[in-house]
Amino acid sequence: MTEPTVTTEISKKINAISKEAVHHICSGQVVLDLAIAIKELVENSLDSGATVIDVKLSDYGKTSITVNDNGSGVSEQDFEGLALKHHTSKLREFSDLSEVDTFGFRGEALSSLAALSELSIITRHKESEHAFHLQFDKNGQLKEKTACARGIGTTVYVKNIFKNLPVRAKEFQKNFKKEYAKALQILYGYCLVSTGIKITCSNLISGKSSNVVATMGAASILENINSVFGRKSLDGIVKVEINPLDEATLEEYNLPKDTTLNFSWDFYVSSCAQGMGRSTPDRQFFYVNGRPCDLTKISKLLNQTYHKYNNKQYPFVFLNLKLHQECADVNVTPDKRTIFFTQEKLILAAVKWNLIQKWDGMQGSFTMKSLEEMNFSLKRINSPSTAESPPTKRIQLSSFSKNVERQVDQKEIHTDNTDINCTERLPDTEMTINMELIKQALLSKERMSKTCKKYDKHVKYRSQIKEGCNAEAEKELQLQLQKGSFNKMEVIGQFNLGFIIVQLEEDLFIVDQHATDEKYRFEKLNNETKLTTQKLIIPKALNLAALNESILIEHQQVFEDNGFTFEVNETGEAGHRVMLTGMPVSGGWQFGQEDIEELIFLIRESSSEACGNNKIIRPSRVRQMLASRACRSAVMVGTALGTLEMQRLLVQMDQMQNPWNCPHGRPTIRHLLSLALLKE
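Residues numbered from 1 in each chain as written. Predicted model: local features only at pLDDT ≥ 70, side-chain atom pairs only at ≥ 80, totals over all residues. Heavy atoms only, no water.

1. Points about the overall build of the protein chain
At step 1: Assigned secondary structure in the protein chain consists of 23 helices and 24 strands.
At step 2: The proportion of buried residues among the 680 residues of the protein chain is 50%.
At step 3: When contacts within the protein chain are restricted to residue pairs at least 6 apart in sequence, long-range pairs at least 24 apart make up 71% of them.
At step 4: Here the protein chain displays about 34400 Å² of accessible surface, and carbon together with sulfur accounts for 50% of that area. (Helix = DSSP H or I, 4+ residues; strand = E, 2+ residues; numbered from the N terminus. Buried < 20%, exposed > 50% of the residue type's maximum accessible area, 1.4 Å probe, protein only. Contact = heavy atoms within 4.5 Å. Areas by Shrake-Rupley, 256 points an atom, 1.4 Å probe, with all protein chains shown as cover.)

Structure below.
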C-alpha cells in the first residue's frame, strides 16, 4: 500500500520590521487627514508662544499647507532631530507625561508629515542672527540647510499631502472639500479658545486668495465668537456659573454628600428661549485645559437637557473644563481629542445641575399631572357638548411611543396644542380605547421574554412594547423583516379603528394605520416636491462664515430644490459674496437664514455621493411642513378600513425606504405575539 503523501509547509522566520517600514506605518496613524495635519501644525505654533498664526491653503490643502507663526523659533542645535520619530523636547521619561502642559510633541507631528508629504521649514530662533531653510527626506532626516532671511518664528510648508500613501491620497482627492470643511471646523475650536492670539486662514484657488476665518487677538472668548461667527451669533448666549451641587443631584450620580467641586470652567451656552438656539449642533466646542477635544457624554447630556426646554433646536456651546493635570489622560488616541477623566460622574453632575439652574430661571418647567388632577376624561374632552377654547387640545393616543403600560397604571395623559398632530378627534361612541386589552398583550410579552431561553428556536422578537425599548424593537424588525415581508403578511383584522393586526408565519404584528400611511405619503412628498420660490424685491446680504459660504456656492442646486435662490459675486470679499434673491413659500410657513444655515450643515455632514444622487436634502422645517401635509392626508385614527384597504397599507410599507417610524418618530409596526409559544 502506498503511504499517503504528507505535505508540510516550512514556517517562515519571524523577522523584525525595518525602521523605515515602521516609520511609514506609524506616520499614517498619527496624521489621518487634512484636519489633523492643520491641527498639529497650529498646536506647534501655539506651543512655541506665537501670538500671530497664519494658515494658508492652496486648492483646499490639496497642493500645499503653510503655517506661519511669530513664536520662539527652533534652535540650530535641534535641527537634526526636528522631524525624526520619537524626538521631542518635552519628554525624557514616561513619568514626564503627567507634567506636559502643552498641546503635543512637535517632533511626532513633523516626522509623520515628512513621511507622508514633502516637508520643508524656515525658522529663526530668537537668539539667531538669521533664519535657516531646512529640507527633510521621507524618513525625517535633514538633507539640506541654507541660511535665509525672515523674522523670529517658524514657517512650515507641507506639499502634496499623502503623496506617499496612494490609497489615502486617492481618498483625499475624492473628498477634499469635505476634508476642508472638517479642517476649518477644527480650526474654529482653536480660534475661539485662543485669547490674545491672532489666527487667520486663507484658501488660494486659481491664483485668487480668499480669507476663511480671522480673529483679532481679542482678550475674551465672546470677542472671539464675534470674530469667527459674527455679531448676531452672540444673541442669546449666556454664561453658566459653577455652583455647588444640590442633594438630589449628588444622590442621582451616587456621589458622597460632602462632595466638593475641585475644578472650574469657562462655560457659555444658548438661551433656552425659542429661536435662541440653532437648528443643528454645528457650533458646540469642548475643551479640557484649553485643549479642543470630543466630550461625547457631556455633549449628549447637554443636548438632552436643552431639549427639555427647547426640543426644536440645539444650543451653541463653549465649555472649557479646567482640571488638575493628574485628573485627565489626553494620551488615549494619536490626535489627543479623546480624553479620560478620573472625575467623570462629578463633571456630568455639575454640568447637568448648573444648566438646569440657568435654564430653569429662563423658562418655567412643565409638570405632568394625573388624570384626576386635571379633571379630564377621554369622553369629556371629546364630548360634543364640551366647549373648547382655542387652541384645541387633543389627547395623543400613541400606544407605542408613549409607554402605554405606564399611562394605564398611572392614568397619565399628554396634551399637544401644535398644528402637527398625529391623532384625530373621534366620535364619542368610538373614543374609548380598550387599554386593558393592550395592557394584557404587553404583560404576555413580558411572559414571553421570560420563556425565551426555553423556546429559542421559535422566538425571533423579544423586545417589549414600552418606552425605552423602541431602538431594540426596531433593530429586531430590521433584522427579521426583509423586502417583500410586508406583502406576505395576512390581514387578521382592525383593532379599535386605529390599528391593523397582521400575521406573518407564526408571528402577530400590530400596525398603526395612520403612522404607516403618513410615512408613505411623507417619503413621496419629500422625493417629489420642489418648493415654489418667492422673489425678493431687494436682495438680502447673508453674511455667512466663509466656509459656509463656500459650501452654499458649490451646492446651489440643493438650495434651489428647497426654494432658495441666490446671486453670487465671485470677486467679493469672503463671507459677503452671496445675496439671497428668493425664498420658498408655502401656505403659512415662513423660511429664513436659519434654514439656509441648517441646510449648509446637512450638506457638510452628508457624503459627496449623497449630495450628487437623486436624494434631496431637506432642512428640518421643510421636513416638518411636508410631514404636516402627509399627516393631514393620511388615513386617520377612527376610520373603519376594509381588508383591501388594510392590505394596501402593507403594500405601501414594502415600497418605503424606511418603514419603521412616521416623520414625527412614532413607530409604525411592532411585534405583538409569537403563536409558537401558544402551541407549546
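2. Topic: the pairing of strand β11 (residues 284-288)
At step 1: Across the five residues of β11, five count as buried, placing the element largely inside the fold.
At step 2: Of the two faces of β11, the one lined by Gln284, Phe286 and Val288 and the one lined by Phe285 and Tyr287 are each fully buried.
At step 3: For β11 and strand β12 (residues 291-293), the ladder comprises three bridges, and the chain directions are antiparallel. Following the sheet pairing, valine 288 is matched in β12 by arginine 291. (Pairing = 2+ DSSP bridges.)

3. Regarding the sheet that holds strand β18 (residues 490-495)
At step 1: Strand order in the open sheet made by the four strands is β18-β19-β20-β24, with antiparallel pairing throughout. A single partner strand is all that each edge strand has here, and the edge strands are β18 and β24 (669-674). In this sheet, adjacent strand axes meet at a mean angle of 25° when their direction is disregarded.
At step 2: Where strand β20 (residues 507-512) lies against β24, five bridges are found, and the strand directions are antiparallel. Bridging across to β24, phenylalanine 509 finds its partner in histidine 671.
At step 3: Against the sheet, helix α14 (residues 470-480) touches β20 and β24, its axis set at about 80° to β24.
At step 4: Its contacts with the sheet place helix α16 (residues 513-528) against β18, β19 (499-504) and β20, and it is angled at close to 70° to β20. (Axes fitted to C-alpha atoms, helices over the stretch in contact; angles between N-to-C directions.)

4. Quick notes on the pattern of salt bridges
At step 1: If you walk through the whole model with that rule in mind, you get 20 salt bridges.
At step 2: Here arginine 278 ties to glutamate 597 by a salt bridge, and the two come within 3.2 Å at their closest N and O atoms. In this pair, arginine 278 is assigned in the loop between β10 (264-270) and β11 and glutamate 597 in helix α19 (residues 593-605), connecting sequence segments 319 residues apart.
At step 3: Residue glutamate 597 is classed as buried on the basis of its relative accessible area of 13%.
At step 4: Three or more residues joined by partner-sharing salt bridges are found here, namely Lys39, Glu40 and Glu43. (Salt bridge = Lys/Arg side-chain N within 4 Å of Asp/Glu carboxyl O.)

5. Describing the packing of aromatic side chains
Think of a pair of aromatic rings as described by two things: how far the centres are apart, and how the planes are tilted against each other in angle.
At step 1: Throughout the structure, instances matching the rule amount to 15 aromatic pairs.
At step 2: Consider the rings of tyrosine 60 and phenylalanine 176, whose centres lie 5.4 Å apart with planes at 50°: the pair is tilted. In this pair, tyrosine 60 is assigned in the loop between β1 (52-58) and β2 (64-69) and phenylalanine 176 in helix α5 (residues 176-193), connecting sequence segments 116 residues apart. No difference in accessibility class separates tyrosine 60 from phenylalanine 176, as the two residues are buried.
At step 3: Here the aromatic cluster, defined as three or more aromatic residues joined through ring pairs, consists of Tyr60, Phe176 and Tyr180.
At step 4: The ring centre of phenylalanine 132 lies 5.6 Å from the NZ or CZ of lysine 145, which sits over that ring.
At step 5: Seen from the ring of phenylalanine 591, arginine 621 lies directly overhead, with NZ or CZ sitting 5.0 Å from the centre. (Phe/Tyr/Trp six-rings, centres within 6.5 Å; stacked < 30°, edge-to-face > 60°. Lys NZ or Arg CZ within 6 Å of the ring centre and 35° of its normal.)

6. What about the environment of leucine 443?
At step 1: Among the secondary structure elements, leucine 443 is positioned in helix α13 (residues 435-450).
At step 2: Looking at leucine 443, the relative accessible area reads 35%, which means it is partly exposed.
At step 3: The sequence separation of leucine 443 and isoleucine 465 amounts to 22 residues, and the corresponding C-alpha distance is 9.9 Å.

7. Thoughts on the sheet that holds β10
At step 1: If you trace the five strands from one edge of the open sheet to the other, you get β9-β10-β13-β11-β12, paired in mixed fashion. Edge positions in the sheet fall to β9 (237-239) and β12, since each of these pairs with one other strand and no more. Each adjacent strand pair in this sheet contributes to an overall mean axis angle of 25°, direction not counted.
At step 2: Pairing geometry for β10 and strand β13 (residues 317-322), over six bridges, is antiparallel. By the bridge assignment for β13, serine 264 is matched with lysine 322.
At step 3: Here α5 sits on the sheet and contacts β11, β12 and β13; the angle it forms with β11, its principal contact strand, is near 60°.

8. Comments concerning unusual backbone geometry
At step 1: Positive phi values are uncommon outside glycine, yet tyrosine 60 reaches one of about 65°.
At step 2: For tyrosine 60, a relative accessible area of 11% corresponds to the buried category.
At step 3: Positive phi, close to 55°, is recorded for asparagine 496, a residue that is not glycine.
At step 4: Considering the arrangement of structural elements, one finds asparagine 496 in the loop between β18 and β19.

9. Considerations on the packing of α16 against helix α21 (residues 620-633)
At step 1: Put simply, α16 and α21 touch, their axes get as near as 8 Å, and they point 130° apart. One way to sum up the angle between α16 and α21 is to call them oblique. Helix-helix and strand crossings are classified by hand; for α16 and α21 the assignment is right-handed. The segment α16 lies against α21, with His514, Asp517, Glu518, Arg521, Phe522, Leu525 and Asn526 engaging Arg623, Leu626, Ala627, Arg629, Ala630, Cys631 and Ser633.
At step 2: Among the residues forming the contact of α16 with α21, the class breakdown is six nonpolar, three polar and five charged. (Parallel < 35°, antiparallel > 145°, perpendicular 65-115°, else oblique. Left-handed = near helix turned anticlockwise from the far one by under 90°. Nonpolar A, V, L, I, M, F, W, Y, C, P; charged D, E, K, R; others polar.)

10. Quick notes on the confidence of the model for the protein chain
At step 1: Looking at the protein chain, pLDDT values average 78 and 75% of them are 70 or higher.
At step 2: Across residues 89-100 the pLDDT falls below 50, and counting only partners more than four positions away or on other chains, this stretch makes 17 contacts in the model.
At step 3: The low-confidence segment residues 364-390, where pLDDT is below 50, has 29 contacts with residues more than four positions distant or belonging to other chains. (pLDDT = per-residue confidence, 0-100.)

11. Quick notes on the nonpolar core
At step 1: The biggest cluster of nonpolar side chains holds 92 residues, and the ones touching the most others in it are Ile65, Leu119, Leu552, Phe559, Phe566 and Ile596.
At step 2: Per-element tally for this core: the top contributor is α5, with twelve residues.
At step 3: Once residues within four sequence positions are removed from consideration, phenylalanine 559 is found in contact with Leu552, Phe564, Phe566, Ile596, Leu599, Ile600 and Ile603.
At step 4: Residues Phe263, Leu301, Ile339 and Ile347 belong to the second largest nonpolar core, which totals 37 residues. (Core = buried A, V, L, I, M, F, W, Y, C linked by side-chain atoms within 4.5 Å.)

12. As for the side chain of glutamine 343
At step 1: By secondary structure assignment, the location of glutamine 343 is in the loop between β15 (340-341) and α9 (344-360).
At step 2: For glutamine 343, the residues in contact, after removing those within four places along its chain, are Asn262, Phe263, Leu323 and Cys327.

13. Describing the packing of helix α8 (residues 296-307) against α9
At step 1: At a minimum axis separation of 10 Å, α8 and α9 run at an interaxial angle of 25°. As far as their axial angle goes, α9 and α8 are roughly parallel. By crossing handedness, the relation of α8 to α9 is classed as right-handed. Touching Lys297, Ile298, Leu301, Leu302, Thr305 and Tyr306 of α8 are Glu344, Ile347, Leu348, Val351, Lys352, Leu355, Ile356 and Trp359, all from α9.
At step 2: Broken down by class, the residue content of the contact of α8 with α9 amounts to ten nonpolar, one polar and three charged.

14. Observations regarding the environment of lysine 182
At step 1: As for its position among the elements, lysine 182 is in helix α5.
At step 2: Residues lysine 182 and leucine 34, 148 residues apart in the sequence, show an inter-C-alpha distance of 8.2 Å.
At step 3: Contact partners of lysine 182, with chain neighbours within four places excluded, come to Asp33 and Ala35.

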